[in-house]
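Chain residues, written in single-letter form:
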Amino acid sequence: MPDGDWWDILPRRVYSSLERVETSQPWYDVYRLHDWLYAIYEGGQYDETLMYLVIGCERAVVVDGGTGIGRLDLLVEELTDKPYFLLLTHTHNDHIGGCKDFEEIAVYDDAMSRESAAMGLGRDKMGEIIEGDNVIREFPPGFDPASYYAPPYRVTRWLSDGDRVGLGGRTLEVIYTPGHSSDHICLLERDSRYLWTGDLFYTGSVTTYLPGGDHDAFIDSCRRLVDLMPHYEVLLPAHNEPLVEKEMMVELLKAAEDVKAGRLTEYSESRSVAVNYDVLVRRYQFSRFALITRADL
Ligand SMILES: [Zn+2]
């Protein structure tokens with residue numbers, strides 16, 4: 001990992017150019033990208049998760065649930081009076097924390113997401129989110145770190161590749177993109193020409209080695225998104241920074257292919273140790289992102 005503390009690069013530059021919206025929930029930094037689109041950023045936690053509120057004429061959707069440390073549902077009610085639901089790009093721990101506060105949840109139908117919904121994630125899997133220096137902002141009132149975990153949640157819509165999620169005047173198209181996890185999707189809105197990339201791409205350390213990850217599938221997913229480039233202009237990732245130029249997808253595809261082919265000799269190697277998980281990984285640095293893969297691809 002790079003030297004220094006994770007927060008040394010904060011605040012990230014893009015945020016000074018965005019319209020900040022004050023809300024009653026200081027855990028979340030909220031930015032209005034359009035009157036129908038908000039970025040909701042957990043800037044006080046290591047993962048720097050980014051959620052998006054997309055508001056149609058009939059209903060609104062929140063893309064990803066974040067850590068669940070704040071009350072995402074109450075925040076959404078301050079920003080829109082439309083009925084709303086939650087849609088997950090995948091079910092890693094930093095995306096499902098908010099599920100506890102939503103009655104309607106949509107997620108890609110896969111063994112991994114089925115298990116996530118049925119079991120939730122216990123303290124052993126959620127605890128790292130609030131450990132040590134991973135939180136640098138005061139916890140919001142009502143949050144009890146001692147009892148933090150992700151309970152099971154009820155999925156009200158199981159998604160498939162190609163599904164269209166209509167909001168009234170806005171339609172999110174489901175693009176199945178495994179590789180970071182087996183249940184990962186991206187979302188394409190052809191009218192606004194945005195692509196929500198989830199964890200397939202963000203300006204940080206993108207991974208293919210976590211449980212459910214698959215580097216070959218990741219390459220195929222990147223290729224599919226590069227092929228779709230005529231239909232979007234701007235990326236909306238699930239971490240760190242919104243509004244990233246789409247050309248990053250070309251660099252990401254090349255990076256993933258070069259790593260797989262063994263063409264890159266500059267990397268750092270370390271063991272990634274988590275609960276019941278210990279794997280040797282390599283970290284490759286590129287222009288605005290890093291790629292971390294298993295050493296034995
Ligand atoms: Zn993830």
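1. Digging into the layout of surface pockets
Reasoning step 1: Empty space within the second largest pocket amounts to approximately 310 Å³.
Reasoning step 2: Along the walls of the second largest pocket sit 19 residues, with Ile69, Arg71, Lys100, Gly142 and Phe143 positioned nearest its centre.
Reasoning step 3: Split by residue class, the lining of the second largest pocket holds nine nonpolar, six polar and four charged.

2. Here's the deal with the coordination of the zinc ion
Reasoning step 1: Surrounding the zinc ion are the protein donor atoms His90 (NE2), His92 (ND1), His180 (NE2) and Asp199 (OD), at 2.1 to 2.3 Å.
Reasoning step 2: In this structure, the zinc ion is coordinated by four donor atoms arranged in irregular fashion, with angles at the metal of 83 to 173°.

3. Let's talk about the sheet that holds strand S5 (residues 60–63)
Reasoning step 1: Taken in spatial order, the eight strands line up as S1-S2-S3-S4-S5-S6-S7-S8 in an open sheet, and their pairing is mixed. Unpaired on one side and paired on the other, strand S1 (19–21) and strand S8 (157–159) mark the two borders of the sheet. On average, each strand axis in the sheet is tilted by 25° relative to the strand beside it, whichever way the strands run.
Reasoning step 2: Two elements, S1 and strand S2 (residues 29–34), share three bridges in a ladder whose sense is antiparallel. Across the sheet, the residue bridging to Glu19 is Arg32, located in S2.
Reasoning step 3: In the packing of helix H1 (residues 72–79) onto the sheet, contacts are made with S1, S2, strand S3 (37–41), strand S4 (50–55), S5 and strand S6 (84–87), and the angle to S4 comes to roughly 40°.

4. Considerations on the pairing of strand S17 (residues 277–285)
Reasoning step 1: Bridge count for S17 against strand S18 (residues 290–294) is five bridges, and the pairing is antiparallel. Note that in S18 the partner of Gln285 across the bridge is Ala290.
Reasoning step 2: In textbook terms, the turn of a hairpin is the stretch between consecutive antiparallel strands, and for S17 and S18 this stretch comprises four residues.

5. Thoughts on the pattern of salt bridges
Reasoning step 1: Under the counting rule described, the total for this entry stands at 24 salt bridges.
Reasoning step 2: Between Asp73 and Arg71 there is a salt bridge, and its shortest N-O distance comes to 2.9 Å.
Reasoning step 3: Residue classification places Asp73 among the buried residues on the basis of a relative accessible area of 6%.
Reasoning step 4: In this structure, the salt-bridge partner of Glu269 is Arg282, at a minimum N-O distance of 2.6 Å. Of this pair, Glu269 sits in strand S16 (residues 268–274) while Arg282 is found in strand S17, placing the two residues 13 residues apart along the sequence.
Reasoning step 5: Note on Glu269: relative accessible area 41%, which makes it partly exposed.
Reasoning step 6: Beyond isolated ion pairs, a larger network of salt bridges with shared partners links Arg71, Asp73, Lys100 and Asp101.

6. Some points on the environment of Leu121
Reasoning step 1: Mapped onto the fold, Leu121 is located in the loop between helix H3 (111–119) and helix H4 (123–126).
Reasoning step 2: Residue Leu121 is classed as buried on the basis of its relative accessible area, which comes to 18%.
Reasoning step 3: For the pair Leu121 and Val54, spaced 67 residues apart in sequence, the C-alpha separation works out to 27 Å.

7. What about the sheet that holds strand S15 (residues 244–245)?
Reasoning step 1: Strand order in the open sheet formed by six strands is S9-S10-S11-S12-S14-S15, with mixed pairing between adjacent strands. Two strands close off the open sheet at either side, each with one partner strand: strand S9 (164–166) and S15.
Reasoning step 2: Pairing between strand S12 (residues 194–198) and strand S14 (residues 234–237): four bridges, direction parallel. In the sheet register, Gly198 faces S14, and the bridge partner there is Pro237.

The rules behind these values
- Residues numbered from 1 in each chain as written.
- Predicted model: local features only at pLDDT ≥ 70, side-chain atom pairs only at ≥ 80, totals over all residues.
- Heavy atoms only, no water.
- 1 Å grid on protein atoms, 1.4 Å probe; cavity = no way out; pocket = protein on both sides within 12 Å on 5 of 7 lines; lining within 4 Å.
- Points joined across faces, edges and corners; volume = space filled by probe spheres on them.
- Nonpolar A, V, L, I, M, F, W, Y, C, P; charged D, E, K, R; others polar.
- Donors = N, O, S within 2.8 Å, 3.2 Å for Na, K, Ca; no water.
- Tetrahedral: all angles 85-135°; square planar, octahedral: opposite > 155°, others 65-115°.
- Pairing = 2+ DSSP bridges.
- Helix = DSSP H or I, 4+ residues; strand = E, 2+ residues; numbered from the N terminus.
- Axes fitted to C-alpha atoms, helices over the stretch in contact; angles between N-to-C directions.
- Contact = heavy atoms within 4.5 Å.
- Salt bridge = Lys/Arg side-chain N within 4 Å of Asp/Glu carboxyl O.
- Buried < 20%, exposed > 50% of the residue type's maximum accessible area, 1.4 Å probe, protein only.

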